[in-house]
Amino acid sequence: MTTFHTTPARRVLCLAGSLRRDSWNRRLLQAAAAQAPATLQLDVYDALGSVPLFDEDLERDEAAGPAGVQALRAALAAADGLLIATPEYNHAMPGVLKNALDWLSRDSPVGDVLAQKPVAVLGASSGPWGTRLAQASLRQVLHACGALVMPAPTLFMANAASRFDADGMLTDLAAVQSLQDFVLAFECWMARLAPPLARPEPLAAARR
Ligand SMILES: Cc1cc2nc3c(=O)[nH]c(=O)nc-3n(C[C@H](O)[C@H](O)[C@H](O)COP(=O)(O)O)c2cc1C
């Protein structure tokens, strides 16, 4: 009798550090999700705007935090890895992203969801520098949170407007290749760090 083993896909939560409707960084993540191999499931989070400004009083009022924080924390807790695409604002990551990380860095009833989490960082900018300084600031914060940040490869997308078409699809072939390489490298990084995936019992064994 033939026995089939199915390996569940690793789940990656994708966060764009921009609330802008036509954000290049969100489009970059959508492109990554669209081209990901079947062994990876990339989910682009679209509710970062529901995360309130961090306030320790809010934590004191409700240990699990406000609803927007609970939703984000639950999404990250359920993921095997975190992929962050950051814009650069004034040579650093945007406040909306730092604010979300400050919430996620706190212990909670579902645990410390950032500690030991495999994370990869990339970013897109409309300018010529490709978010180098924003990514440096983001890495520093992630290290403080105990996240396991993929050291290489890096992906700094400069002049983002020239790499997408009018419908927001990533059409620059070199960028598509870099993104594919980046996502595959992150899959390897997660495999190195994450516990082995639970494999279902072979059907034949289960019937015995
Ligand atoms: C407040 C502000 C500050 C910015 N500072 C920088 C900067 O320091 N370096 C840079 O390359 N781009 C900077 N930019 C341009 C952003 O990188 C650009 O708007 C980018 O497209 C934003 O990302 P998004 O498309 O994902 O929203 C800045 C934009 C804003 C609104």
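Residues numbered from 1 in each chain as written. Predicted model: local features only at pLDDT ≥ 70, side-chain atom pairs only at ≥ 80, totals over all residues.

## With respect to the pairing of strand β3 (residues 81-85)
Burial analysis of β3 places five of its five residues in the buried class, the great majority of the element. Burial along β3 is two-sided: the residues Gly81, Leu83 and Ala85 and Leu82 and Ile84 are all buried. Sheet topology note: the strand β1 (residues 10-16)/β3 ladder contains five bridges and is parallel. From the neighbouring strand, Leu13 faces β3, where its bridge partner is Leu82. With four bridges joining them, β3 and strand β4 (residues 118-124) adopt parallel strand pairing. Paired with Leu82 across the bridge in β4 is Val119. After leaving β3, the chain enters helix α4 (residues 95-104) and then returns to the sheet as β4, a path that is right-handed. (Buried ≥ 20, exposed ≤ 12 C-beta atoms within 10 Å, placed from the backbone. Helix = DSSP H or I, 4+ residues; strand = E, 2+ residues; numbered from the N terminus. Pairing = 2+ DSSP bridges. Right-handed = clockwise from strand over helix to strand, strands pointing away.)

## A closer look at helix α1 (residues 24-35)
Helix length check: α1 (twelve residues) gives 17 Å between terminal C-alpha atoms against 16 Å at 1.5 Å per residue, within 8%. Taken together, the buried positions of α1 are occupied by Trp24, Asn25, Arg26, Arg27, Leu28, Leu29, Ala31 and Ala32. Close packing links the buried residues of α1 with β1, β2 (40-44), β3, β4, β6 (156-157) and α6 (173-193). (Expected span 1.5 Å × (residues − 1). Contact = placed C-beta atoms within 7 Å.)

## Section: the environment of Leu179
Note on placement: Leu179 falls in helix α6. Linking Leu179 and Leu122, residues 57 residues apart in sequence, is a C-alpha distance of 9.4 Å. Filtering out sequence-adjacent residues up to four positions away, Leu179 remains in contact with Ala31, Ala32, Gln35, Leu155 and Leu170.

## Comments concerning the nonpolar core
Core analysis: the largest hydrophobic core is formed by 51 residues, its most contacted members being Cys14, Leu28, Ala32, Leu83, Ile84 and Val119. Apart from the residues within four sequence positions on either side, Leu28 is in contact with Ala85, Leu122, Ala124, Met157 and Leu170. (Core = buried A, V, L, I, M, F, W, Y, C linked by C-beta atoms within 7 Å.)

## Here's the deal with α4
Among the residues making up α4, those that are buried are Leu97, Ala100, Leu101, Trp103 and Leu104. When α4 is viewed along its axis, its buried side chains cluster within an angular range of 155° and face the same direction. On its buried side, α4 packs onto α3 (67-77) and α5 (132-144). (Arc of directions from axis to C-beta.)

## Examining the packing of α1 against α6
Relative orientation of the contacting elements α1 and α6 amounts to 70°, with a least axis distance of 10 Å. In this view, α1 runs roughly perpendicular relative to α6, as classed from their interaxial angle. In the packing of α1 onto α6, the handedness of the crossing is right-handed. Packed against α1, whose contacting residues are Ala31, Ala32 and Gln35, the element α6 presents Leu179, Gln180 and Val183 at the interface. Residues belonging to the contact of α1 with α6 are distributed by class as follows: four nonpolar, two polar and no charged. (Axes fitted to C-alpha atoms, helices over the stretch in contact; angles between N-to-C directions. Parallel < 35°, antiparallel > 145°, perpendicular 65-115°, else oblique. Left-handed = near helix turned anticlockwise from the far one by under 90°. Nonpolar A, V, L, I, M, F, W, Y, C, P; charged D, E, K, R; others polar.)

## Points about the confidence of the model for the chain
Chain-level statistics for the chain give a pLDDT mean of 93 and a share of 89% at 70 or above. At the low end of the mean pLDDT range in the chain sits helix α7 (residues 203-207), at 52; at the high end sits β3, at 99. (pLDDT = per-residue confidence, 0-100.)

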